[in-house]
Amino acid sequence: MWLRGRRFSRQDLGASMSELILRGGTVIDGTGQPGEIADVLVQDGVIAEIGNLSGRSADREIDADGQVVSPGFIDVHTHMDAQIAWDPLGESSCFHGVTTAVMGNCGFTLAPVRSDERHLVVRNLERAEDISADAMAAGIDWSWETYPEYLDFVDRTPKGINYAGYVGHSALRTWAMGERAFEEEANEDDLSRMVGQLRESIQAGAMGFTTSISVNHATSDDRPVASRIAQWDEIDALVTEMGRLGAGIFELANHHHLRSRDPVKREAYISRLADLAIRTGVPVTYGMLAAGQGDNGWKPVIELLDRINNGGGRSWAQVHTRYFGVLLSFATRLPFDALPVWDELRTRSLDEQRAALTDPTTRRRLVQEAENGDYGRSIGAEARKPEWEHIYPMESSALPPFDSIADIASQLNQDPMEVFVDIALKHDLDIFFIQAAANQDQDVVLELMRHPYSIPTFSDSGAHVTQIMDSSLQTHMLGHWVRNQEAFTLEQAVHRMTQVPAQAWGFNNRGVLAEGKAADINVFDPETVAPDLPELVHDLPSGAPRLRQTATGFTATIVNGEVLVENGKTTGMTPGHLLRGPLAQ
């Protein structure tokens, strides 16, 4: 269960953590330089000394012999805005070495919001980010209206990891325009209110401004989220205000014209966004996925990145480290759920579903409908019509290699749908399947990850809580790409997950292990570090479900000098800080 809001003191845990020594680990400091065996002394939340400390003692020591000591990882694409209200620990990110998370991506934030129009913010989030409306109603006290007031809420809320936040376009629009935000272009007064609130938010410490113009973001009643109604001139005005202030990052979920097969549409989109970045001087960041098959699904994203950086602007791509995949299970959702015969089945208990699938007549009807039914349209991380070559059972490990259902069916000379049902029954319906919606070609993923302006992130932690579980991108990077594939050295991988995002987002006190820096530190075994298999728990406010995933191989994750996770278990400490942007420092 969530430790709802209680802050645990050092006395509660029976240990003083004012001084800590990490003994004998291989210090990989985040700069990309080769690791060296050394001790690390932490005093009052700060790295005090790195070297041979054999003559020193401390209140506590952690034996790091044979392990890596690295900076804490930084995840710049999360949606923890609501979760922070009921989860003081930062799950599941905290289990995977993340010590700093940036929330408010894709235009979705809980502020600004007028007290009588909170339902408009919830409308933006509920489907687009799969955040339970009931959980938000039960778990959030809504003690704010403006975004600066929301930052003050985050500041005083107990938290295990550090957080920074953007202000989101959809929330800005609903605050300024009310219901009209879902229907109309902004008028001059609307835009003036939005620009003013953005200015106040940046001055109070918001990291920047985010928006979505992606068809993957829609409301529960199948309308575009509020930001998608905006004209480009509105977005231009808001980003230009950040340029005038000399602070703030612009994050966006791109329009589908970026990957259009029409070269005129594609060039128009790339030119417009590159011009905005170069003209305003505002750094731009976005997700870099390989969508669909062929070069058109990913090369234009690199072209945009290079166009901005080579033209005098600055842009960083957020690259996923694996399949961008929906998690399918009988306990959550399946591609077939909306099909009539399946819809009736899925209202039953799992025991009843199991019995139906073992009845030959019922099973035949279900298989036939799954193979021939009308699946309609899916968006974002929603389950979609199965492509069996891109659906993989997670039977024993969360790391590749996985055999696809199509491959298994070919080996057995059986129908893929029959194989899917057989595997589910073999595991008593207690198994997850990955449905890769993007990044199907892992060679392309590796090429994207190697781009000099890409950062391994894009977890979406806090969102899609029953659809995906990508809080483990960092442990996937270490276990798969570093250890198993040897595509990166430990030093390269750690550098990309620590110093690179720290410098790009202005977290100047974090991202490297150096004397005087904040003591956000991981201690892990490079030979065993890996994500565990995901699980489904029902511990959100109101009892709503969520996916959860822990990790193997971490001796400790330390935030601001306090041990947050030890040997895979949270300690209950809440040492996290709100990290405000440069105008509030």
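Quick caveat: nothing in here was measured; it's all calculated off a predicted structure. (Residues numbered from 1 in each chain as written. Predicted model: local features only at pLDDT ≥ 70, side-chain atom pairs only at ≥ 80, totals over all residues. Heavy atoms only, no water.)

J.: I'd like to hear about the packing of helix H7 (residues 232–245) against helix H8 (residues 263–280), residue by residue, with values.
T.: Two quantities define a packed helix pair, namely the angle between the axes and the distance from one axis to the other. H8 packs onto H7 with a crossing angle of 25° between their chain directions and a minimal axis gap of 9 Å. Taken together, the axes of H7 and H8 lie roughly parallel to each other. The crossing of H7 and H8 is right-handed. On the side of H7, the interface is formed by Trp 232, Asp 236, Val 239, Thr 240 and Gly 243, while H8 contributes Arg 272, Leu 273, Leu 276, Arg 279 and Thr 280. Its residues placed into classes, the contact of H7 with H8 shows four nonpolar, three polar and three charged. (Axes fitted to C-alpha atoms, helices over the stretch in contact; angles between N-to-C directions. Helix = DSSP H or I, 4+ residues; strand = E, 2+ residues; numbered from the N terminus. Parallel < 35°, antiparallel > 145°, perpendicular 65-115°, else oblique. Left-handed = near helix turned anticlockwise from the far one by under 90°. Contact = heavy atoms within 4.5 Å. Nonpolar A, V, L, I, M, F, W, Y, C, P; charged D, E, K, R; others polar.)

J.: Give me H8: which residues, what numbers.
T.: Two residues of an α-helix separated by three or four positions point the same way, owing to the 3.6 residues in each turn. The first and last C-alpha atoms of H8 sit 26 Å apart over 18 residues, in line with the 26 Å expected at 1.5 Å per residue. Residues of H8 that are buried include every one of Arg 266, Tyr 269, Ile 270, Leu 273, Ala 274, Leu 276, Ala 277 and Thr 280, and no others. Considered in projection along H8, the buried side chains sweep an arc of 160° and stay on one side of the axis. Capping the start of H8 is the job of one residue whose side-chain oxygen sits 2.9 Å from the backbone nitrogen of Val 264: Asp 262. A positive backbone phi angle near 75° is found at Gly 281, which sits one or two residues after H8. (Expected span 1.5 Å × (residues − 1). Buried < 20%, exposed > 50% of the residue type's maximum accessible area, 1.4 Å probe, protein only. Arc of directions from axis to C-beta. Polar contact = N/O pair within 3.5 Å; in protein donor to acceptor, adjacent residues only side chain to side chain.)

J.: Please provide a residue-by-residue account of the nonpolar core, values included.
T.: Core analysis: the biggest nonpolar cluster contains 110 residues, and Leu 110, Tyr 150 and Phe 250 have the highest contact counts within it. If near-sequence neighbours (up to four positions away) are discounted, Phe 250 is found in contact with Phe 209, Thr 211, Ile 235, Val 239, Met 242, Leu 273, Leu 276, Val 282, Pro 283, Val 284 and Thr 285. Counting 29 residues, the second-largest nonpolar core is a separate cluster that includes Leu 328, Leu 357, Leu 429 and Phe 433. (Core = buried A, V, L, I, M, F, W, Y, C linked by side-chain atoms within 4.5 Å.)

J.: Tell me about unusual backbone geometry, residues and numbers included.
T.: Following Glu 91, the chain continues into Ser 92 via a peptide bond in cis, with omega recorded as -5°. With respect to the element layout, Ser 92 can be found in the loop between strand E6 (73–75) and strand E7 (98–103). Omega for the peptide link from Pro 400 to Pro 401 comes to 10°, which places this bond in the cis form. Tracing the backbone shows Pro 401 in the loop between strand E15 (391–394) and helix H13 (405–412). Backbone geometry places Leu 429, a non-glycine residue, at a positive phi of 65°. Checked against the element boundaries, Leu 429 lands in the loop between helix H14 (416–426) and strand E16 (432–438). Residue class for Leu 429 comes out buried when judged on its relative accessible area of 2%. At Asn 560, a residue that is not glycine, the phi angle is positive and equals roughly 50°.

J.: If you had to explain the sheet that holds strand E8 (residues 162–165) to someone new, which residues and values would you point to?
T.: Backbone hydrogen bonds hold the strands of a sheet together, and the pairing may be parallel or antiparallel. Pairing is parallel in the open sheet, where three strands are placed in the order E6-E7-E8. Edge positions in the open sheet fall to E6 and E8, since each of these has one partner strand only. Going across the sheet, the axis of each strand differs from the next one's by a mean of 15°, ignoring polarity. (Pairing = 2+ DSSP bridges.)

J.: Please set out the pairing of E7 residue by residue, giving values where relevant.
T.: Within E7, six of the six residues are buried, which leaves the element mostly enclosed by the surrounding structure. Pairing of E6 with E7 involves three bridges; the strand directions are parallel. From the neighbouring strand, Asp 75 faces E7, where its bridge partner is Ala 101. Examined bridge by bridge, E7 and E8 share four bridges and lie parallel to one another. Of the residues in E8, the one forming a bridge with Ala 101 is Tyr 163.

J.: Explain the sheet that holds strand E14 (residues 324–328) to me, using residue names and the numbers behind them.
T.: Strands sit in the order E14-E16-E15 across an open sheet of three strands; the sheet is antiparallel. In the strand order of this sheet, the two ends are held by E14 and E15, each with one partner. In this sheet, adjacent strand axes meet at a mean angle of 30° when their direction is disregarded. Strand direction decides the pairing type here: E14 and E16, joined by five bridges, are antiparallel. Paired with Phe 324 across the two strands is Ala 438, which belongs to E16.

Function cannot be read off these values alone, since they describe shape.
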